[in-house]
Amino acid sequence: MLTEISVQNVALIEEATLELSPGLNAITGETGAGKTLLATALQMLLGGRARSEAVRAGAGRATVEGTFVLPEEAGPALLADALGDLAEEVDDEDGLVLRRTLTEEGRSRCFVGGVSVPVRALASLGERLVSYHSQREQTRLTDPAEQLAILDDFLDEGAARAKREHEALWRAVERDRRELQEIRATSEARLRELDFLRFQVSELESAGYDPGEISDLTRERDRLRNVTDLLQAAAAAAAALSSEEGAGAVDSVARAASELETASRYDESLTTLLQRLGGLSAELEDVLYELRSYVEELEADPGRLEAVEDRLAAMRALERKYGDVEGYLEESRARLSRLENLDEETAELEARLAEGESRLEEISAEISAGRERAAERLSAKVQENLADLNLGKTTFRATLVPTEPGPSGAERVEFAIRPNPGEPELAVRRYASGGELSRIMLAIRLAQERVEPGATYVFDEVDAGIGGETATAVGAKLRELGERNQVLTITHLPQIASEAASHVVVAKEEAGGRTITRITRVEGEERLKEMARMLSGRVDQASLAHASELLVGGV
């Protein structure tokens, strides 16, 4: 239930706070006073489209805030369904506060219980909190998709479950159909790809590409290319370590060790240095041995150099052609394996598709049977409401019409009415009487069970084209609905306003050289005057007396 709505800088509304009551709340005012602006603000709050033009000129920012009281039992689940994980952060202890701001640049921000949420989450929550109906609903009622959605609200649990299964299975079957169609349409291209992949995999496997081998070959190539310089350098290094004249490093270290050994006899502190020289001497002898071996083994080999360079060139060519050679080979093997086994996959796909299509037919039959039952329930409820709305002679029927199978099943629904006995039955989409169509729409909406328990109904001037006893009947029906749910109705009809437990007047006036819209809750004498104005367009003794009679009968 919506307990309060606060509006700032929305078009002509500079600032207004409106407290609402349980039951039926009537919102009235002169044509052009701004009742539609209040409806616009409410739709913004519920996640509807927000245009920058709605921001009051010069204000920079518009804000709409509303406080809702959630049903104790259904409230947590309602929040979780609409907001997901964000619901855990929402504070609704003293009422759930929804707030939306809109800048003149068109930027919008949404908050639920102090938590910033995406506009789609606000809209999802709004659908559960408020059921909004306007004159435009008459057009929506002619939409086959909307009619089917209304009918499907009346599906029993088994049929509703079958519908969900059908939608999911339809998507899976459609994927299989597209895949099978693609396989059949590309058979020739697939054969060409098979030959090409086999060639590439063969080429890469026979090449024996190995990144480690490239590193080894690169080192060997560099050695073979520079063998003369290597020989000279290695021989010179060996000569420097040990020369025939005894001036090499090995001999020099040996002499130093001999001298130090003599000295250590007189000073034991030199023993450590002597040991280090001994290790150094042994290491130098090992290095000298390995250098001589290197020189002996090193020789020019033009044939081997050519072979190494050819192998490296082949490996580099593969890298230029395939990039990541090892990765490409792995992907090509996988793709080749799949294509070579595609016949088997195709057979499995065809079998799965046949099974899915067969199951779709079974589920579709369940849905059709469930919709037949739902059509009976919907028709009965609408018929009951039509009688209460002074259309007792009008009959309503929801008829199933077979169609090409689709995600929602194999039928559409056609809402049809017979205005009077003996007249032909007409589809709602072909019916032209605005007043009666408003009541038919109201009867259908009142029959729906889509709205969450405790939610608020908003009717925006759905009483167009009616009056007299019919208006009284509509008012009584709205009051009856208000006994179960909160109802807000924007109306021009005093018969409807008289049934309200709370009455709000929207008026336009000038202040500070600017036009503003004021929203005021009226009671007692003020309400009597508003009812008199609605009855005759003026406030005098006759209209006041008539208004008094109407209020006594309505409230």
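Source: prediction; values computed, not measured.

K.L.:
I tried to follow the overall build of the chain on my own but got confused; where do I start?
P.N.:
Within the chain, the secondary structure is distributed over 19 helices and 15 strands. Here the C-alpha atoms of the chain give a radius of gyration of 45 Å, more than 25% beyond the 24 Å that 2.2 N^0.38 yields for 555 residues. Overall, the C-alpha framework of the chain stretches about 145 × 70 × 45 Å when taken along its three principal axes. Taken across its 555 residues, the chain has 43% of its residues classed as buried. Sequence separation of 24 or more characterises 70% of the internal contacts of the chain that already satisfy a separation of 6 or more. Element-wise, carbon and sulfur atoms account for 47% of the exposed surface of the chain, whose accessible area totals about 29500 Å². Computed over 66 positive and 105 negative side-chain charges, the separation of the two mean positions in the chain equals 8 Å.

K.L.:
Please explain the pattern of salt bridges as it appears in this structure.
P.N.:
Once their charged atoms are close, side chains differing in charge can pair, the charge on each being opposite to the other. Applying the stated criterion to the full structure yields 25 salt bridges. A salt bridge links R533 to E30, with the nearest nitrogen and oxygen atoms 3.5 Å apart. Here R533, found in helix 18 (residues 524-536), pairs with E30, found in the loop between strand 3 (24-28) and helix 1 (35-45); they are 503 residues apart in sequence, far enough to count as distant. For E30, a relative accessible area of 45% translates into the label partly exposed. Each of the salt bridges in this network shares a partner with another, and the network as a whole consists of D152, K163, R371 and E411.

K.L.:
Mind showing me how you'd approach empty space enclosed by the protein here?
P.N.:
Left-over empty space is what a probe sized like a water molecule reveals as it rolls over the atoms. Per the stated rule, a full pass over the model turns up three cavities of 30 Å³ or more. Of the pockets and cavities examined, the largest cavity occupies roughly 80 Å³. Every residue lining the largest cavity is listed: L2, I5, L18, I27, L38, A39, L42, V458, L488, T489 and I490. Elements with a contribution of two residues or more to the lining of the largest cavity: strand 1 (2-10), helix 1 and strand 13 (486-490). Here the residues of the lining of the largest cavity sort into 10 nonpolar, one polar and no charged.

K.L.:
It is not clear to me how the pairing of strand 3 should be interpreted in this structure. Could you clarify?
P.N.:
Each regular strand displays side chains that alternate between the two surfaces of the sheet. Extensive coverage of strand 3 is indicated by the burial of five of its five residues. Covered by surrounding structure in strand 3 are L24, A26 and T28 together with N25 and I27, the residues of both alternating faces. Two elements, strand 3 and strand 13, share four bridges in a ladder whose sense is parallel. Its bridge partner being in strand 13, I27 is matched across the sheet by I490.

K.L.:
Where do I start with the packing of helix 10 (residues 249-264) against helix 11 (residues 271-297) in this structure?
P.N.:
Between two packed helices, what matters for the description is the angle formed by their axes and the separation of those axes. Two numbers describe how helix 10 lies on helix 11: the axes approach to 9 Å, and their chain directions differ by 160°. Classified by the angle their axes make, helix 10 and helix 11 are roughly antiparallel. The hand of the helix 10/helix 11 crossing is left-handed. Judged by residue contacts, A249, V250, V253, A256, A257, L260, E261 and S264 of helix 10 engage T271, L273, L274, L277, S281, L284, E285 and L288 from helix 11. Each residue belonging to the contact of helix 10 with helix 11 can be placed in one class, and the counts come to 11 nonpolar, three polar and two charged.

K.L.:
How do you make sense of the packing of helix 2 (residues 75-83) against helix 3 (residues 119-129) when you look at a structure like this?
P.N.:
Between helix 2 and helix 3, the shortest axis-to-axis distance is 8 Å and the interhelical angle comes to 145°. In this structure, the crossing between helix 2 and helix 3 has a hand that is right-handed. Contacts between helix 2 and helix 3 involve L78, L79, D81, A82 and L83 from the former and A121, S124, L125, R128 and L129 from the latter. Of the residues that constitute the contact of helix 2 with helix 3, the class distribution is seven nonpolar, one polar and two charged.

K.L.:
Explain the packing of aromatic side chains to me, please; I cannot follow it from the model alone.
P.N.:
For any two aromatic rings, the description comes down to two numbers: the centre-to-centre distance and the angle of the planes. Within the structure shown, the criterion is met by three aromatic pairs. Aromatic pair Y457 and F459: ring centres 6.0 Å apart, planes at 5°, arrangement stacked. Above the plane of the ring of F111 lies R99, whose end atom (NZ or CZ) is 4.4 Å from the centre. Over the aromatic face of W170 sits the side chain of R177, whose NZ or CZ is 5.1 Å from the ring centroid.

K.L.:
Just to check I follow, could you spell out a negative patch on the surface for this structure?
P.N.:
Taken together, the side chains of D210, D324, E326, E330 and E331 make up a negatively charged region of the molecular surface. Relative to the helices and strands, D324 resides in the loop between helix 12 (302-322) and helix 13 (325-340). Classification of D324 by relative accessible area gives exposed; the value is 54%.

K.L.:
Is there a simple way to explain the nonpolar core in this structure?
P.N.:
Side chains of a nonpolar character, in soluble globular proteins, are inclined to be buried together. Judged by nonpolar contacts, the single largest core of 52 residues is most densely connected at L378, V382, F396, F415, I444, F459 and L478. For this core, the element with the most residues is helix 15 (residues 434-447), which contributes eight residues. Residues contacting V382, with those up to four places away along its chain left out, are F396, A443, I444 and A447. Core analysis: the second largest hydrophobic core is formed by 49 residues, L20, L38, L98 and I519 among them.

K.L.:
Can you walk me through the sheet that holds strand 7 (residues 115-117) in this structure?
P.N.:
Strand pairing in a sheet is mediated by backbone hydrogen bonds. Such pairs are either parallel or antiparallel. In spatial order, the strands read 2-1-4-5-6-7; together these six strands make up an open sheet with antiparallel pairing. The strands lining the two open edges of the sheet, one partner per strand, are strand 2 (13-19) and strand 7. Ignoring which end each strand starts from, the neighbouring axes of this sheet average 15° apart. The sheet contact formed by strand 1 and strand 4 (residues 61-68) spans six bridges and is antiparallel.

K.L.:
Help me out: how do you make sense of the sheet that holds strand 9 (residues 395-406) in this one?
P.N.:
If you trace the three strands from one edge of the open sheet to the other, you get 9-10-11, paired in antiparallel fashion. Each edge of the open sheet is held by one strand with a lone partner, namely strand 9 and strand 11 (426-427). Bridge count between strand 9 and strand 10 (residues 409-418): nine bridges; the pairing is antiparallel. Along strand 10, the bridge assignment pairs T395 with R418. Running over the sheet, helix 5 (residues 144-152) touches strand 9 and strand 10 and is turned about 95° from strand 10. Contacting strand 9 and strand 10, helix 14 (residues 342-388) crosses the sheet at an angle of about 160° to strand 9.

Analysis parameters
Residues numbered from 1 in each chain as written. Predicted model: local features only at pLDDT ≥ 70, side-chain atom pairs only at ≥ 80, totals over all residues. Heavy atoms only, no water. Helix = DSSP H or I, 4+ residues; strand = E, 2+ residues; numbered from the N terminus. Rg over C-alpha atoms; globule rule 2.2 N^0.38 Å. Buried < 20%, exposed > 50% of the residue type's maximum accessible area, 1.4 Å probe, protein only. Contact = heavy atoms within 4.5 Å. Areas by Shrake-Rupley, 256 points an atom, 1.4 Å probe, with all protein chains shown as cover. Lys, Arg positive; Asp, Glu negative; His and termini not counted. Charge placed at Lys NZ, Arg CZ, Asp CG, Glu CD. Salt bridge = Lys/Arg side-chain N within 4 Å of Asp/Glu carboxyl O. 1 Å grid on protein atoms, 1.4 Å probe; cavity = no way out; pocket = protein on both sides within 12 Å on 5 of 7 lines; lining within 4 Å. Points joined across faces, edges and corners; volume = space filled by probe spheres on them. Nonpolar A, V, L, I, M, F, W, Y, C, P; charged D, E, K, R; others polar. Pairing = 2+ DSSP bridges. Axes fitted to C-alpha atoms, helices over the stretch in contact; angles between N-to-C directions. Parallel < 35°, antiparallel > 145°, perpendicular 65-115°, else oblique. Left-handed = near helix turned anticlockwise from the far one by under 90°. Phe/Tyr/Trp six-rings, centres within 6.5 Å; stacked < 30°, edge-to-face > 60°. Lys NZ or Arg CZ within 6 Å of the ring centre and 35° of its normal. Patch = residues over 30% accessible without salt bridge, like charges linked within 9 Å, V, L, I, M, F, W, Y side chains within 5 Å. Core = buried A, V, L, I, M, F, W, Y, C linked by side-chain atoms within 4.5 Å.

Taken by themselves, the reported measurements are silent on function.
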